[in-house]
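Spelled out, the chains give:
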Amino acid sequence: MNALRRHLRDLHSLGPANRDHLSALRVAVSVAVPSLVLLVFGRPELIIYAVFGALTGMYGRSEPHQLRLRHQAQAALVLLSGVGVGIFLSVNHLHSWWLVGVEAVLAGVGSVFSDRVNLKPNGPFFGILALGACASVPTTVPWFAALLIAAASAAFSIIIGFGGWVRGRRWQPGAARAAAPLRGLRRYAAMIHAARYVLAVGTAGAIGVLSGSGHPHWAMAAAAVPLAGADLPSSVHRGLHRMMGTFLGLVVVAVVLLPEPWAPLTFFPGAEAAVLAFLVIIFQFTTELFMTRHYGLAMVSFTPVILLMTQLAAPADPYVLITERAVETVVGAVIGILVIVLVRRRRRTG
């Protein structure tokens, strides 16, 4: 009960600041430039690929430039793998159970890779989110063009992240990120953790498919969120923040998308795609601004990012979109927490 009260208190408390505005600005620029280029060329539906590539900039936020360079290259591999597999599923019209099976397996693979290289943010969450989102929208350009957009965006993000090195030009020979090899007990723990991802993501996706949801990948992504916690309390903490942040973010989405007189899109007839693109950029900035200080607040912004760029790629009934996002988030977060409770990391003896 005391732990629950502490988690509820944390819902309205901010962590310490750590030059978050600089990291947020880097990510916002990484998202803005390729997104605006696509907007100028009249292809706003392709912004989804640019955004997922640009999320590379979320990694290595407080590291020295040479370590950030390596860290972001590793993150780009995870993100582009997710985008690439998602595009493959979309192009070949492999949805439903295909999506669940493939995403669950890659969640486990991504978990092992994340543990091996010590990705921060933890886990394969953004990679599997990219996979599900790209698989759920039609690919309106050749597959290689969509993947190239994501890769170019990731490369641009890495350049932005490394750009500050020009000022100091300090390089430490032999410097490396802290990432212990997966041997012994650490390897065993990584395998258990990967199994958790496969079980949680697969179960959440199966429930989404059986329930008739049009977006089971949202439940799968939500199930992965608690698994990034270091222990049960932090996992519950992340799950609660995910749900509360998503619900508040959906209020923002409703204000933007619902066909009401006060909706901002009604004030810009004929320029709705441009408005949505600019909102994606703004909300990605605020997402990164709060990502390490308050996960729930970050989700208030990140929820509109995902739904608005999905709406650009494949317009849908906003009422259905908002309802399914809310339901799938609760289902996924609860399953993720249950898997952590049921599948414990046991230390082997002998």
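Everything here concerns the structure above.
Keep in mind the model is a prediction, meaning the values are calculated, not measured. (Residues numbered from 1 in each chain as written. Predicted model: local features only at pLDDT ≥ 70, side-chain atom pairs only at ≥ 80, totals over all residues. Heavy atoms only, no water.)

Undergrad: How would you summarise a nonpolar patch on the surface if you had to cite specific residues and measurements?
TA: A contiguous nonpolar patch, built from Leu-232, Val-334, Leu-338, Val-341 and Leu-342 and spanning about 420 Å² of accessible area, is present on the exposed surface. Examined against the element boundaries, Leu-232 turns out to sit in helix α11 (residues 232–257). Classification of Leu-232 as partly exposed rests on a relative accessible area of 33%. (Patch = residues over 30% accessible without salt bridge, like charges linked within 9 Å, V, L, I, M, F, W, Y side chains within 5 Å. Areas by Shrake-Rupley, 256 points an atom, 1.4 Å probe, with all protein chains shown as cover. Salt bridge = Lys/Arg side-chain N within 4 Å of Asp/Glu carboxyl O. Helix = DSSP H or I, 4+ residues; strand = E, 2+ residues; numbered from the N terminus. Buried < 20%, exposed > 50% of the residue type's maximum accessible area, 1.4 Å probe, protein only.)

Undergrad: Give me the lowdown on the nonpolar core, citing residues and values where you can.
TA: Tyr-49, Phe-52, Phe-126 and Phe-302 are the most contacted members of the largest nonpolar core, which totals 89 residues. When near neighbours in sequence (up to four residues on either side) are disregarded, Phe-126 contacts Leu-55, Met-58, Tyr-59, Leu-79, Pro-121, Met-291 and Phe-302. (Core = buried A, V, L, I, M, F, W, Y, C linked by side-chain atoms within 4.5 Å. Contact = heavy atoms within 4.5 Å.)

Undergrad: Residue-level account of helix α2 (residues 20–40), with values.
TA: An ideal rise of 1.5 Å per residue puts 30 Å on 21 residues; α2 measures up with 30 Å between its terminal C-alpha atoms. Residue Gly-42 follows α2 closely and has a positive phi angle near 75°. (Expected span 1.5 Å × (residues − 1).)

Undergrad: Residue-level account of unusual backbone geometry, with values.
TA: Here the bond from Lys-120 into Pro-121 is cis, since omega is 5°, no more than 30 degrees from zero. Relative to the assigned elements, Pro-121 resides in the loop between α5 (97–117) and α6 (125–136). Unusually for a residue other than glycine, Ser-96 sits at a positive phi of about 50°. Tracing the backbone shows Ser-96 in the loop between α4 (65–91) and α5. One non-glycine residue, Asn-118, lies in positive phi territory at about 65°. Along the chain, the position of Asn-118 falls in the loop between α5 and α6.

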